[in-house]
Structures are given as C-alpha cells and as structure tokens.
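# Structural features, examined
Chain by chain, the residues:
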Amino acid sequence: MSGVYQLEITKSEADLKRLLRPQKTATDKDRVHLLYRLKSGRVETMQEAAVWLGRHRVTVQKWAKRYRERGISKLLNHQARSGAKSTLPQWAETALRERLEPPEGFRKLRGHPRVVGDATGN
C-alpha cells in the first residue's frame, strides 16, 4: 500500500502507554503518541499520524527517522539550546544582583500580623 510507513517499534503498546505519563513537554508526548498509534495500528500512514497529532507530515517523518536510526532515548533526548547572549554589561548585571539581594538580618514577613497587617488595614 502506498504511503504506509514501515517502522519496527520494539516497545510494546503497554510500555509506550506507560512512557506517555512522565513526558514533560507536549512535543515529547506527541513523539511517544506517534509510536503508540503506529504500534497499535490506529494509524497506518505518516499522513494519518500527522493529522491526528496536528503536526506537519515532514515533522512526523523526521521523528520516525530519528527513532529508526537512534532509538527512543534519542527521540526524546533534547540538546540544550544556547539562546541569545546577554546584552547586559557585566557591571550592570553585578549591580543588579547586589541590589536584589535581601538585606542581612531580614526575615520573611509572610503572615506576621503586626508587620503585614490584615485585610482591613489594621
């Protein structure tokens, strides 16, 4: 059948279902869901899976390729993104950190009625 993607998924349906819960990001959940739906036969093509997941077909195909080549640990492994370098000068960052530090001897005032007062302003 044209468009059917041949992917050998080594984990069982039950294992994949258990693996869904600890995922912290929506993308990781979608990646595991892709494998689960393919393993269970609920979807047969990458196009069906992409529509069900609300993702682009090419994205789903990349995930499947990564799984096929490197396994589930690499599919769910993310490299840290470096992000943009700070434009704040070092002297300004140091001054800001010093200014934001609580003064010595300062105690939290949370819940202290004499200092914080109550909702009536007393």
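Here the structure is a predicted model, which is why all the values come from computation and not from measurement.

Conventions adopted
Residues numbered from 1 in each chain as written. Predicted model: local features only at pLDDT ≥ 70, side-chain atom pairs only at ≥ 80, totals over all residues. Heavy atoms only, no water. Helix = DSSP H or I, 4+ residues; strand = E, 2+ residues; numbered from the N terminus. Contact = heavy atoms within 4.5 Å. 1 Å grid on protein atoms, 1.4 Å probe; cavity = no way out; pocket = protein on both sides within 12 Å on 5 of 7 lines; lining within 4 Å. Points joined across faces, edges and corners; volume = space filled by probe spheres on them. Nonpolar A, V, L, I, M, F, W, Y, C, P; charged D, E, K, R; others polar.

### With respect to the environment of serine 40
Here serine 40 shows up in helix α2 (residues 26–40). When the C-alpha atoms of serine 40 and serine 12 are compared, they prove to be 9.0 Å apart, with 28 residues separating the residues in sequence.

### Here we look at the side chain of aspartate 28
If you trace the backbone, aspartate 28 turns up in helix α2. For aspartate 28, the contacting residues outside a window of four places in its chain are Gln23, Leu76 and His78.

### A few points about the layout of surface pockets
The volume enclosed by the largest pocket comes to roughly 300 Å³. Lining the largest pocket are Arg31, Arg66, Arg70, Lys74, Asn77, His78, Gln79 and Arg81. Counted by class, the lining of the largest pocket contains no nonpolar, three polar and five charged residues.

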